[in-house]
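Breakdown of the fold
Letter by letter, the chains look like this.
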Amino acid sequence: MKKPIELTVNDELMQVEVEPQTTLLELIRDGLHLTGTKEGCGMGDCGTCIVLVDGKPVNSCLMLAADARGRSVTTIEGLAKGAELHPLQQSFIDQGAVQCGFCSPAMILSAKALLDEDPHPTEETIKRALSGVLCRCGSYKKIIAAVQAASPKES
Amino acid sequence: MKRLKPFAYREPKTLREAIRILVGEGPRAATLAGGTDLLVRMKQGVVTPSLLVNLKRIKGLDRIQRPKAGGLSIGTLSTIAALERSALVAKRYPVLAQAAGFLGSPSIRQLATLGGNVGRSSPAADMVPSLVVLKASVIAEGASGKREIPLDTFFKGPGQNALAPAEIITAIVVPDAAPSSGAAYVRLGRREGMDCALVGVAASLTLDGAGSVAEARLAMASCGPVPLRARGAEAFLSGGGLAEERLREAARLAAGETSPISDMRACADYRREMVEVLAYRALAAAVQTDRKAR
Ligand SMILES: Cc1cc2nc3c(=O)[nH]c(=O)nc-3n(C[C@H](O)[C@H](O)[C@H](O)COP(=O)(O)OP(=O)(O)OC[C@H]3O[C@@H](n4cnc5c(N)ncnc54)[C@H](O)[C@@H]3O)c2cc1C
Ligand code: FES
Ligand code: FES
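Within each chain, residue numbers correspond to sequence positions counted from 1 in written order. Lettering of chains starts at A and numbering of ligands starts at 1, both following the order in which they are written. Only residues with pLDDT of 70 or above have their local features reported here, since the model is predicted, and side-chain atom pairs are shown and tallied only from 80 upward, although totals for entire chains, interfaces and linings are computed over all residues. Values reported for side chains reflect all heavy atoms of the structure, with hydrogen atoms and water molecules removed beforehand.

Next up on the list: the nonpolar core. Formed by 106 residues in total, the largest nonpolar core has its most connected members in Val118, Met127 and Leu131 of chain B. What Val118 of chain B contacts, discounting residues up to four positions off in sequence, is Val128, Leu131, Val138, Leu151, Phe154, Phe155, Ile169 and Ile172 of chain B. Residues Ile76, Ile108, Leu115 and Ile126 of chain A belong to the second largest nonpolar core, which totals 26 residues. Grouping buried Ala, Val, Leu, Ile, Met, Phe, Trp, Tyr and Cys residues that are joined through side-chain atoms within 4.5 Å yields what is termed a nonpolar core. To sort residues, take the accessible area from a 1.4 Å probe on protein chains only and compare it with the maximum for the residue type: under 20% means buried, over 50% means exposed, and anything in between is partly exposed. Residue contacts follow a heavy-atom distance rule, with two residues in contact if any of their heavy atoms lie within 4.5 Å.

Once their charged atoms are close, side chains differing in charge can pair, the charge on each being opposite to the other. Residue and element names in this part refer to chain B. Note on definitions: salt bridges are taken to be side-chain nitrogens of Lys or Arg within 4 Å of carboxyl oxygens of Asp or Glu. Considering all chains together, one arrives at 29 salt bridges over all chains under this definition. We note a salt bridge from Glu276 to Arg252, for which the minimum N-O separation is 3.8 Å. Of this pair, Glu276 sits in helix H11 (residues 268–293) while Arg252 sits in helix H10 (residues 244–256), and the two are 24 residues apart along the sequence. Here Glu276 falls in the partly exposed class, since its relative accessible area comes to 29%. Think of it this way: any DSSP run of H or I at least four residues long counts as a helix, any run of E at least two long counts as a strand, and we number them from the N terminus.

A separate point is the pairing of strand E1 (residues 3–9) of chain A. Residues and elements named next belong to chain A. Where E1 lies against strand E2 (residues 12–18), seven bridges are found, and the strand directions are antiparallel. Residue Val9 lies in a different strand from E2, and its bridge partner there is Glu12. Adjacent in sequence and paired antiparallel, E1 and E2 are bridged by two residues, among which Asn10 carries a positive phi angle near 45 degrees. We call two strands paired when DSSP finds no fewer than two bridges between them.

Residues and elements named next belong to chain A. The five strands are arranged E2-E1-E5-E3-E4 in an open sheet whose pairing can be described as mixed. Strands at the two margins of the open sheet, each flanked by one partner only, are E2 and strand E4 (56–59). Strand-to-strand, the axes of this sheet are offset by a mean angle of 40 degrees, without reference to chain direction. Inspection of the sheet shows strand E3 (residues 50–53) paired to E4 by four bridges, in the antiparallel sense. Counterpart to Leu52 in the pairing with E4 is Pro57. Every axis corresponds to a line fitted to the C-alpha atoms, with the helix fit spanning only the stretch in contact, and the corresponding angles, defined between N-to-C directions, vary from 0 to 180 degrees. Contacting E1, E2, E3 and strand E5 (72–74), helix H1 (residues 24–31) crosses the sheet at an angle of about 105 degrees to E3. Where helix H3 (residues 104–117) meets the sheet, it contacts E3, E4 and E5, and its direction lies at approximately 35 degrees from that of E3.

Surface patches are defined over residues having more than 30% relative accessible area and no salt bridge, joining like charges when they lie within 9 Å and nonpolar side chains (Val, Leu, Ile, Met, Phe, Trp, Tyr) when within 5 Å. Only the protein chains shown count as covering a residue, and every accessible area follows the Shrake-Rupley method with a 1.4 Å probe. We count Lys and Arg on the positive side and Asp and Glu on the negative side, and we leave His and both chain ends out. To locate a charge, take NZ of a lysine, CZ of an arginine, CG of an aspartate or CD of a glutamate. Together, Lys3 of chain A together with Arg10, Arg16 and Arg20 of chain B line one region of the surface with positive charge. Overall, Arg10 of chain B belongs to the partly exposed group, its relative accessible area being 39%.

The next thing to look at is the packing of aromatic side chains. Residue and element names in this part refer to chain B. Here the aromatic set is Phe, Tyr and Trp, taking the six-membered ring for Trp, and pairing holds for ring centres within 6.5 Å; pairs whose planes are under 30 degrees apart are stacked, those over 60 apart are edge-to-face, and all others are tilted. Per the counting criterion, the structure on display carries three aromatic pairs over all chains. Measuring from centroid to centroid gives 5.2 Å for Phe154 and Phe155, while their planes differ by 90 degrees, and the two rings are edge-to-face. Exposure remark for Phe155: the relative accessible area of 11% places this residue in the buried category. The aromatic ring of Phe236 is capped on one face by Arg246, whose charged end is 4.5 Å from the ring centroid. Charge over a ring is defined by NZ of Lys or CZ of Arg lying within 6 Å of the ring centre and within 35 degrees of the ring normal.

Time to look at the interface of chain A and chain B. The partner chain B presents 32 residues to the 31 residues of chain A that form the contact. Note on definitions: buried area is the accessible-area loss of two parts on being combined, 1.4 Å probe, summed for both. Taking both partners together, chain A and chain B bury about 2,700 Å²; carbon and sulfur atoms supply 55% of that area. When the buried area of chain A at its contact with chain B is split by residue, Gln21, Met43 and Leu62 of chain A rank highest and sum to 22% of it. Counting every contact that joins chain A to chain B gives six salt bridges. Nitrogen and oxygen atoms within 3.5 Å of one another constitute a polar contact, given that in protein one can donate a hydrogen and the other can accept it, and given that sequence-neighbouring residues count only through two side-chain atoms. The tally of links between chain A and chain B comes to 16 residue pairs in polar contact (both at pLDDT 80 or more). When residues of the side of chain A that touches chain B are traced back to their parent elements, those giving at least two are H1, E4 and helix H4 (123–129) of chain A. Looking at the side of chain A that touches chain B residue by residue, the classes come out as 14 nonpolar, seven polar and 10 charged. When residues are grouped by polarity, Ala, Val, Leu, Ile, Met, Phe, Trp, Tyr, Cys and Pro land in nonpolar, Asp, Glu, Lys and Arg in charged, and all others, Gly among them, in polar.

We now examine the domain arrangement of chain A. Residue and element names in this part refer to chain A. According to the domain assignment, chain A contains domain 1 (3–78) and domain 2 (87–150). The domain limits used here are those given by an automatic or database domain assignment. Taking only C-alpha atoms into account, the centre of domain 1 sits 21 Å from that of domain 2. If you look at the interface, domain 1 gives 17 residues, while domain 2 gives 14 residues. At the boundary of domain 1 with domain 2, total buried surface from both sides reaches about 1,200 Å², with 69% on carbon and sulfur atoms. Measuring nitrogen to oxygen at the nearest pair gives 3.2 Å for the salt bridge that ties Lys56 to Glu117.

Attention shifts here to the site of ligand 1. For each residue, the test is whether any non-hydrogen atom lies within 4 Å of the molecule or strand; if one does, the residue is near. Not every one of the 34 residues close to ligand 1 is listed here, only the nearest: Thr31, Gly34, Thr36, Leu38 and Thr113 of chain B. Those residues lying near ligand 1 are distributed over chains A and B. Thr36 of chain B places a polar side-chain atom, nitrogen or oxygen, 2.6 Å from an oxygen atom of ligand 1. Here an oxygen atom of ligand 1 sits 2.6 Å away from a polar atom, N or O, in the side chain of Thr113 of chain B. Contact with the protein chains covers 92% of the free accessible surface of ligand 1, which is 980 Å². For the shell around ligand 1, the secondary-structure elements that each account for two or more residues are strand E2 (29–32), helix H2 (38–44), helix H7 (114–120) and strand E10 (168–174) of chain B. The biggest single contributor to the shell around ligand 1 is H7 of chain B, with four residues. When grouped by side-chain class, the residues that make up the shell around ligand 1 number 16 nonpolar, 11 polar and seven charged.

See the structure below:
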């Protein structure tokens, strides 16, 4: 049976109807048509479904949409400000970190959560923060370089 | 898309209500915490609960606090990420923060709860060996009231535990560690992130005034049908010193006390050999954390 829930998606407060078995991933892709969030495995292993909930990365394939009630969800579509890309998005382009792009939304969102907390992470810290996302193109080196390049410069 | 089959669903606001719903539905109801285990098994079709009772709208179950009587009480819904960063945990039981850092990936740790790790009762559960060496207990509540179950007697087989039907874990409690003691968890996966433990060993050592071992505890993940204690190795260590040969001999004994399985991740012989390596490392690391603490 469908039930209404209220949640914030990319800074917009909205009411949606969800079934108990609807995952947050299904709500985002099928319900809201925000298809930047991907499904790889559907089982928590690949990380391509990662979105931020209250600023923290979670696997949206393993979270019920009902559990997003009252919370704030950020998907890759929520990062750019108008025509201006988020510094991480720009950096991924500049560094050639996007190959097929399937993992990029999850990589960028995981990196955002990291940089919001630790603006100058070590390479080890970056690797740990991204360890839950698989890049089937093997673009890891450039992804790490892109995160490093997007880290705000010390003034 | 991998979808979940429909199920009835409740979000009780109190523990009492949750228990009442579980009792009413019977054995096909399941408790939902973080969902990182249950939802995966539902998608695989391994389990088909008729009703999910989501605990996450019950207030206060995610608290990590120090009770007046001492020790630490970790609410069942505390996430693995919360344990990894809790200042209280880092100060009193660093081994738990260390073990938390091994579980899954950062995004899995945001969802996964401690109660779910214990409640699933997998022999591979990464939080359990450290909890066992710290002498933790499960606080459970059901229709007939509240009880405390020592973790040592909680696990009954792969996926099986001492919980009665409709009983809910509310917290995991850990007593204060002895003054001169240290603990460490070491684990081996096929890769560093995102794989369940091929073998995991937690060790704790408590010293007496003369510097000999007053008490040793060794607990192992993925080494048998339940998380195992290496009681022979523990007995061997107690009363003696911390010389390297003694730790190595204890590790050899611990490996002999395991009954691992062969599966796609590793064969039993390899696991047993790795127990010896990891048990030594865990003991050596426990000695180090003790020295640091003093
Ligand atoms: C990609 C991936 C990687 C993983 N890696 C690891 C790993 O490295 N190490 C590891 O140990 N685990 C790992 N896991 C398994 C899982 O994430 C953990 O066991 C986690 O702690 C489970 O907690 P949860 O809150 O998600 O449990 P849930 O899935 O919500 O529940 C698990 C089980 O416990 C029961 N349960 C939950 N809460 C209670 C309660 N309060 N009272 C009674 N019963 C309860 C449920 O009914 C269910 O049977 C991994 C999972 C995935 C998907
Ligand atoms: S789709 Fe969620 S982790 Fe793979
Ligand atoms: S760029 Fe193709 S999966 Fe990472």
